[in-house]
Amino acid sequence: SCGTFVKFASLKIFKISLFTQGPCYYFGLSVDELGDSEAEEERSRWILDISHAMRLVTQSLFPSFRIRCDPLPHCPTTFNRLMAGYLVHAH
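For the structure given in this document, a descriptive report is provided here. In this text, all values refer to a predicted model and were calculated from it rather than measured experimentally.

### A few points about the overall build of the protein chain
Link 1 in the chain: Helices and strands together make up the secondary structure of the protein chain, namely 4 helices and 2 strands.
Link 2 in the chain: For the protein chain, the N- to C-terminal ordering of α and β elements is α-β-β-α-α-α.
Link 3 in the chain: The buried share of the protein chain, taken over its 91 residues, is 11%.
Link 4 in the chain: A sequence separation of at least 24 residues applies to 18% of the contacts in the protein chain between residues at least 6 apart.
Link 5 in the chain: Roughly 7900 Å² of accessible area belongs to the protein chain as shown, and the carbon and sulfur atoms make up 62% of that amount.

Here is the structure:
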């Protein structure tokens, strides 16, 4: 309805999607209560804080490791290593 559109129009909204699980979560701050620029700044802070927390959780799930690209002298199967896919993804 038109009334619903007006309510959404006065919000600064962002979305978090959980791609592998399907759901999307929407968050919004009221422009009417905070003002346009303050709502935008607060929304940006929320996005940075949530993304930082998600990055910390993700990093905590994987142990520290070091990729070696040089062949191991005692292991002939490592002489022809290809690391390009990892390097493109990681860098």
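### Some thoughts on the pairing of strand 2 (residues 24-30)
Link 1 in the chain: Bridge analysis of strand 1 (residues 11-17) against strand 2 gives 7 bridges, and the strand direction is antiparallel. Bridge pairing in strand 2 places Ile 13 opposite Gly 28.
Link 2 in the chain: Here strand 1 folds back onto strand 2 in antiparallel fashion, the turn holding 6 residues, of which Gly 22 has a positive phi close to 105 degrees.

### Brief notes about the pattern of salt bridges
Link 1 in the chain: Within this structure, the stated rule accounts for 4 salt bridges.
Link 2 in the chain: In this structure, Glu 40 and Arg 43 form a salt bridge, with 2.8 Å as the shortest nitrogen-oxygen distance. Taken together, the positions of Glu 40 and Arg 43, both in helix 3 (residues 36-61) and 3 residues apart, correspond to about one turn of that helix.
Link 3 in the chain: Residue classification places Glu 40 among the partly exposed residues on the basis of a relative accessible area of 27%.
Link 4 in the chain: Between Glu 42 and Arg 45 there is a salt bridge, with the nearest N and O atoms lying 2.5 Å from each other. Of the two residues, Glu 42 and Arg 45 are both situated in helix 3; the distance of 3 residues between them amounts to about one turn of the helix.
Link 5 in the chain: We classify Glu 42 as partly exposed; its relative accessible area is 24%.

Cut-offs and rules
Residues numbered from 1 in each chain as written. Predicted model: local features only at pLDDT ≥ 70, side-chain atom pairs only at ≥ 80, totals over all residues. Heavy atoms only, no water. Helix = DSSP H or I, 4+ residues; strand = E, 2+ residues; numbered from the N terminus. Buried < 20%, exposed > 50% of the residue type's maximum accessible area, 1.4 Å probe, protein only. Contact = heavy atoms within 4.5 Å. Areas by Shrake-Rupley, 256 points an atom, 1.4 Å probe, with all protein chains shown as cover. Pairing = 2+ DSSP bridges. Salt bridge = Lys/Arg side-chain N within 4 Å of Asp/Glu carboxyl O.

Keep in mind these values describe shape, not function.
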